[in-house]
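An overview of the molecular structure
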Amino acid sequence: MSTSSRVRSDGRVPPAPPPRFKSKTRAALAAFLLGSLGAHRFYLYGSRDALAYLHIAATALGVVGVQWLVTTQRTSIAGWWLSVPGAVSLLAAFLAAIIYGLRPDDQWDARFNPHGDHPSHSGWGVVFVVILSLFIGAMLLMGALALAFQTYFEATVQPLSCVGLGALA
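Our subject in this report is the structure included herewith. (Residues numbered from 1 in each chain as written. Predicted model: local features only at pLDDT ≥ 70, side-chain atom pairs only at ≥ 80, totals over all residues. Heavy atoms only, no water.)

Section: the environment of L132
In this fold, L132 is placed in helix 6 (residues 124-168). Remark: the alpha-carbon pair of L132 and F94, spanning 38 residues in sequence, is separated by 9.0 Å. What L132 contacts, discounting residues up to four positions off in sequence, is F32 and G137. (Helix = DSSP H or I, 4+ residues; strand = E, 2+ residues; numbered from the N terminus. Contact = heavy atoms within 4.5 Å.)

Here we look at a nonpolar patch on the surface
A contiguous nonpolar surface patch, about 540 Å² in accessible area, is contributed by L29, L33, L34, L37, Y53 and I56. Elements supplying a minimum of two residues to the nonpolar patch: helix 1 (24-34) and helix 3 (50-71). Counting residues per element, the nonpolar patch draws most heavily on helix 1, at three residues. Mapped onto the secondary structure, L37 falls in the loop between helix 1 and helix 2 (39-45). Taking the relative accessible area as the measure of exposure, L37 reaches 40% and is therefore partly exposed. (Patch = residues over 30% accessible without salt bridge, like charges linked within 9 Å, V, L, I, M, F, W, Y side chains within 5 Å. Areas by Shrake-Rupley, 256 points an atom, 1.4 Å probe, with all protein chains shown as cover. Salt bridge = Lys/Arg side-chain N within 4 Å of Asp/Glu carboxyl O. Buried < 20%, exposed > 50% of the residue type's maximum accessible area, 1.4 Å probe, protein only.)

A short note on the nonpolar core
Counting 14 residues, the largest nonpolar core has A27, L44, Y100 and W108 as the members making the most contacts within it. When contributions to this core are tallied by element, the ones reaching two or more residues are helix 1, helix 2, helix 4 (77-102), helix 5 (105-112) and helix 6. Once residues within four sequence positions are removed from consideration, A27 is found in contact with H40, Y43, L44, Y100 and W108. (Core = buried A, V, L, I, M, F, W, Y, C linked by side-chain atoms within 4.5 Å.)

Written out as structure tokens, the structure reads:
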């Protein structure tokens with residue numbers, strides 16, 4: 001809101017509203033639950049954050065890529081390429097939840113609550129969010145790598161081994 005639009009009828013400008021308090025637990029939880037849609041970025045930086053919209057676009061591409069892979073039974077090269085941005089967005093969201101949760105409270109307040117009147121006090125909630133982010137993020141990463149390697153070996157190594165066995169018979 002501009003200063004000229006806040007001028008009262010008597011010509012005085014009222015004080016600006018204080019910036020709202022940004023909770024570390026809420027930011028980590030937003031990154032964990034809806035981070036691939038940029039919820040944590042919207043919470044911390046507002047609706048003008050370009051990276052939040054980049055999360056949305058990458059997730060949309062990833063959804064299209066995964067649907068394409070399911071439809072073609074993992075044979076579409078374009079489906080693999082389209083699913084990569086979605087995977088990166090999802091894993092970056094889990095990493096953001098871990099980084100937010102592990103940041104000390106005084107550093108969090110210096111960065112996101114510089115004019116706050118009460119300091120942050122992280123509790124067990126943020127610890128559980130970090131643990132779940134580590135567990136689920138690592139599980140998704142290992143699952144994606146296993147699926148990619150399985151698809152690679154099914155497409156290249158198995159046909160080659162059939163050729164080698166046919167030549168010996």
